[in-house]
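Structural features, examined
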Amino acid sequence: MSLSKSTVPGPLCFVQVTTTLDNILQRGLSSDPETLDPHKTRSTQAADVLRDLGEGLVGYTATGELVPASAERWEISADGLVYTFHLRDELRWSNGEPVTAADFAAGMRRLVEPSTAAFYAEMLASIENAPAIISGSLPVAKLGVDAPDEKTLVLRLSQNTPYLLGLLTHPSAFPIHTPSLEEHGESFARPGTFVTNGAYRLESWVPGSLISLRRNEHYWNNADTAIDGVNYHVLVNNAAELNRYRAGDLHITNTVPTESFARLREEYPEELRVAPQLGIYYYGFNLTKPPFMDNAPLREALSMAVDREELTERVTGRGEQPAYSWVPPGVNSYTPAAVGFVALDKEERERLARARYKEAGYSEENPLQVEIRYNTSDMHRKVALAVQAMWREVLGVESTLINEEFQVLLANMRDAEITQVFRSSWTGDYNDAQTFLGVLQSDSPTNMPRYASEEYDALLARAAAQVDPERRRLYLEEAERVMLSDNPLIPLYIFVSKHLVSPDVHGWGDNVLDYHYSQHLSLSAPE
Amino acid sequence: MLRYALLRILGAIPTLLLVIALAFLMVHAAPGGPFDDERVLPADVAANIESAYRLDDPLPQQFLAYLSGLVRFDLGPSYRYVGYTVAELIAIALPYSLQLGIMAMVVALLLGVSAGTFAALRQDTVLDRVVMGFSMTGISIPIFVIAPVLALLFAVKLQWLPAGWSGAEGAGRLVLPVVTLALPQIAYLARLTRASMIEVLGSDFIRTARAQGLGMPRVVRVHALKPAMLPVLSYLGPAVAAILTGSVVVEEIFGIPGLGQLFVRGALNRDYTLVLGIVVFYAALIVALNLVVDILYAVIDPRVRYR
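Residues numbered from 1 in each chain as written. Chains lettered and ligands numbered in written order. Predicted model: local features only at pLDDT ≥ 70, side-chain atom pairs only at ≥ 80, totals over all residues.

Moving on, we get to the overall build of chain B. The helix and strand tally for chain B stands at eleven helices and zero strands. Ordered by position in the sequence, the α and β elements of chain B form the string α-α-α-α-α-α-α-α-α-α-α. Expressed as a percentage of its 307 residues, the buried residues of chain B come to 40%. (Helix = DSSP H or I, 4+ residues; strand = E, 2+ residues; numbered from the N terminus. Buried ≥ 20, exposed ≤ 12 C-beta atoms within 10 Å, placed from the backbone.)

Right, here's the structure in full:
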């Protein structure tokens, strides 16, 4: 039987390595996108692929600077409430039809339409009437978006949003090809039917395996797009991804395994790219229950007792940076505040931590007993073990580690009933302090510690109302200082992006958003 | 025979219903929902999503809606893969799992039965011990240990075979997964065949055949193999089940886009409909295969007849 024959390894070698000859970029992707429908996505993986497939009014360079994309230029009114975009002349969909301002307006209306059930509907919340449309109390036609002619798009905002241009780079603000949505319904974003306006079009997608993109000949900047196609290999397992890179199957990995990092730094010093990201890893306190409710000295003591330098050097060890603020460095026009004890040396910190611990009502004879919850993962366990040891050494705290499946931990954090200390993280959606500070506003659904400070909320409200960027910045920085002095959480470290990038890839740029458009890259010609 | 088959199919319905009900309860009892994330959604947005997927209905109503869909062979929309129905996802993934499963089954049968027969004919010799020793090892080592070891050895160190699936082409990418999946079955089938063959070889009709001057190869081929296969045949049902569940692990490790990895992703993401759909599909498949095995039994062994 021929079937069984081919399964026996013999002299007929079945070695088959992905061909890299055809000017096709091979990239790792850490999980399947849930969809490539730009208005229904929620994962960073989907956004990564969509940045190759689609294009917003504004885009980023390889190093993360905002640049005109589908819009050639724009004007902003003096009060910051009206944006007028002028589209490029030669914009085309992948089927050759022109991309118009109406397509962008249709995309934005689709995003906020309740029946779309878009995860990122709130991205455009600052556009006039968007919140009311999302909640279903106003019809979608009332959205503050107009397309007076084919090439002009006008956005009216209900509040000044200095980071709006950054939001417009996100796939949720991409235009939609209405005829294909009408013809194919909600499953239009598939191979064969997906009409895109970016540098690439969707060739094929095998869920759980491979997403293939090919050059969009109609793209306005096709002449400057060097690579003919991109294959995204879905590789959930880091170690498997590394194997594929070593075997020469991949040009760019999505990340690298923690345990291999030190070795890879020696083995591939040029190829391993590590860059700070807009993301923070933290331990939150449940502020709705004892022992952390109304006990600021205890929270401060625990935060002070964690030696972040040791944690990032000896435990995580992948180039992460110690965190003393909530907003990570690298955010546009913002200087992060820092926790008060940052200036103290280790000894002084520990002394002060013990004093605060005592002040909070605990001692060696009466130690704090606390549970640390984290989701199952090697990395999270190591961090938890380290924090547990530091708390024990410095303060004598008796902590229990509890690992839970991710969905279980999320449910527990949201309920805030049984959690005490929990691991979480936050990654910025756009390059502005608001994406971090907004999380801890008392009415924010993502406010896991349940931090509620009138002063903090008021400062953020003032910042939001401020048109002058310098004054807005001062309010935001003051808000962060106020929040940090309350210690609702322990910032532990700043995330870094880690990629192996083959020497054959040119044009790579590190950036805090960790966005890497394939259209900015090129490949060495095969030998 | 037809009547028997129909009765068996009808009899399977309560089993399937029970499986569906249990699976439904279990996926919904697991904490968290399909749309939970560190990025908690604003209430309005969450409400829109829940109503779009009818997750705001009471649970019994959701269950009835699911059942009424099932009757129409509608497994519902996937929560994880937006815009895909569960049936579409199964249709995409099934060919990979089928290819893998069928090949593993064929390899297991060919090698397992041959090895078992070989060992039976050399009962209590060194060769017999070697074959049985190997098969004991094969049964004892779990797939999740075999798979990474084989991958490390043949794909990473020796580089004879591709380490992953996506982008690799040809039959090479199937070798390691098929071998991994087949190994425990080869081992089990070898032991089963050996025991059964030894028993058959000791029976009167074989002695008669030998006495009439037939050579051993012919005796085995013509007279012994068929009756010796009966226990093997009854084991096929459980073997298919083992290969299906084993493929969950193998597909994960080798990155094969089949049903197994779809199932794992579905469970981790609380994709209720996807998990349920695959459970229903697996259950129906196993029921159907057991039926086929029972019918084959009657075909091979004339003593078995159904009334």
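Here the focus is the overall build of chain A. Within chain A one finds 16 helices and 18 strands. Relative to the compact-globule value of 24 Å for 527 residues, chain A shows a C-alpha radius of gyration of 25 Å, a close match. In terms of overall dimensions, chain A has a C-alpha envelope of 75 × 70 × 40 Å along the principal axes. Residues classed as buried in chain A amount to 49% of the 527 residues present. The long-range share in chain A, meaning contacts at least 24 apart out of those at least 6 apart in sequence, stands at 67%. (Rg over C-alpha atoms; globule rule 2.2 N^0.38 Å. Contact = placed C-beta atoms within 7 Å.)

It should be kept in mind that the predicted coordinates are not to be read in detail where pLDDT is low. In this model, chain A carries an average pLDDT of 90, and 96% of its residues clear a pLDDT of 70 or more. Note on residues 1-20 of chain A: pLDDT under 50 across the span, and 41 contacts to partners over four residues away in sequence or across chains. (pLDDT = per-residue confidence, 0-100.)

Moving on: the sheet that holds strand β1 (residues 24-29) of chain A. Residues and elements named next belong to chain A. Across the sheet, four strands lie side by side as β1-β10-β9-β8; this open sheet has mixed pairing. Either end of the sheet is taken by a strand with one partner, and the two such strands are β1 and β8 (200-206). Across the sheet, the mean angle separating the axes of adjacent strands is 20 degrees when strand polarity is ignored. Where strand β9 (residues 210-215) and strand β10 (residues 229-234) come together, five bridges link them in antiparallel fashion. Paired with L210 across the bridge in β10 is H233. Lying on the sheet, helix α2 (residues 44-53) is in contact with β1, β8, β9 and β10; it crosses β8 at an angle near 140 degrees. (Pairing = 2+ DSSP bridges. Axes fitted to C-alpha atoms, helices over the stretch in contact; angles between N-to-C directions.)

Here we take up helix α8 (residues 204-211) of chain B. Of all the eight residues making up α8 of chain B, zero are buried; the element is thus mostly uncovered. Two residues or fewer after α8 of chain B comes G213 of chain B, characterised by a positive phi angle close to 95 degrees.

Residues and elements named next belong to chain A. Helix α11 (residues 346-359) packs onto helix α9 (residues 296-304) with a crossing angle of 155 degrees between their chain directions and a minimal axis gap of 8 Å. As summarised for this structure, α9 and α11 are arranged roughly antiparallel, according to the angle between their axes. Crossing of α9 against α11: the hand is left-handed. On α11, the residues touching P297, L298, E300, A301 and M304 of α9 are R349, L352, A353, R356, Y357 and E359. (Parallel < 35°, antiparallel > 145°, perpendicular 65-115°, else oblique. Left-handed = near helix turned anticlockwise from the far one by under 90°.)

With that settled, the discussion passes to the sheet that holds strand β11 (residues 272-285) of chain A. All names here are of chain A. Strand order across the open sheet formed by six strands is β12-β16-β11-β15-β13-β14, with mixed pairing between neighbours. For this open sheet the edge positions go to β12 (321-322) and β14 (398-404), each flanked by a neighbour on one side alone. As defined by bridge partners, β11 adjoins strand β15 (residues 421-427) across seven bridges and the pair is classed as antiparallel. Along β15, the bridge assignment pairs Y282 with S424. Contacts between helix α12 (residues 378-395) and the sheet are confined to β11, β13 (369-375), β14, β15 and β16 (489-500), with β13 contributing the most and set at about 165 degrees to the helix. Packing against the sheet, helix α13 (residues 406-415) makes contact with β13, β14 and β15, and its axis sits at approximately 130 degrees to β13.

With 15 residues, helix α5 (residues 126-140) of chain B should cover 21 Å at 1.5 Å per step; its first-to-last C-alpha distance of 21 Å lies within 8% of that length. Lining the buried residues of α5 of chain B we find α4 (86-121) and α7 (172-201) of chain B. (Expected span 1.5 Å × (residues − 1).)

Moving on to the environment of V222 of chain B. Residue and element names in this part refer to chain B. Structurally, V222 is set in helix α9 (residues 216-254). Overall, V222 belongs to the exposed group, with 11 C-beta atoms counted inside 10 Å. Residues V222 and L59, spaced 163 residues apart in sequence, show a C-alpha to C-alpha distance of 59 Å.

What follows concerns the pairing of β11 of chain A. Where β11 of chain A meets β16 of chain A, ten bridges bridge the pair, whose relative direction is antiparallel. Looking across to β16 of chain A, one finds that Y283 of chain A is bridged to I490 of chain A.

Moving on, we come to the environment of L287 of chain A. In this structure, L287 of chain A sits in the loop between β11 and α9. Between the C-alpha atoms of L287 of chain A and R299 of chain A, which are twelve residues apart in sequence, the distance is 9.8 Å.

All names here are of chain A. For β1, the buried fraction is high: six of the six residues fall into the buried class. Of the two faces of β1, the one holding I24, Q26 and G28 and the one holding L25, R27 and L29 are both buried throughout. Direction of pairing for β1 relative to β10: parallel, over a ladder of six bridges. Note on β10: the bridge partner recorded for G28 is H233.

This part takes up the confidence of the model for chain B. The share of residues in chain B with pLDDT of 70 or more is 94%, and the mean pLDDT across the chain is 83. Under the prediction, the complex receives an ipTM of 0.72, its pTM being 0.81.

A word on the nonpolar core. If you look at the biggest cluster of nonpolar residues, it comprises 156 residues, and the most contacted ones within it are V112 of chain A together with A104, V178, A182 and L189 of chain B. Of the residues forming this core, the biggest block, 17 residues, is contributed by α7 of chain B. The contact partners of A182 of chain B, leaving out residues within four places of it in the chain, are A104, V107 and A108 of chain B. (Core = buried A, V, L, I, M, F, W, Y, C linked by C-beta atoms within 7 Å.)

Turning our eyes to something else, we now look at unusual backbone geometry. A negative phi holds for most residues other than glycine; trans holds for most peptide bonds. Looking along the chain, the bond that leaves P290 of chain A and enters P291 of chain A is cis, with omega of 5 degrees. Phi is positive for D294 of chain A, which is not a glycine, with a value near 55 degrees. Take D294 of chain A: it is sitting in the loop between β11 and α9. When the 8 C-beta atoms within 10 Å are taken as the criterion, D294 of chain A is described as exposed. Positive phi is not limited to glycine here, since R270 of chain B has a value of about 55 degrees. Inspection of the secondary structure puts R270 of chain B in the loop between α10 (259-268) and α11 (272-300). The buried category is assigned to R270 of chain B, around which 20 C-beta atoms lie within 10 Å.

On to the environment of D44 of chain B. Following the sequence through the fold, D44 of chain B ends up in helix α2 (residues 43-52). Contacts of D44 of chain B, omitting those with residues within four sequence positions, involve I134 and S135 of chain A.

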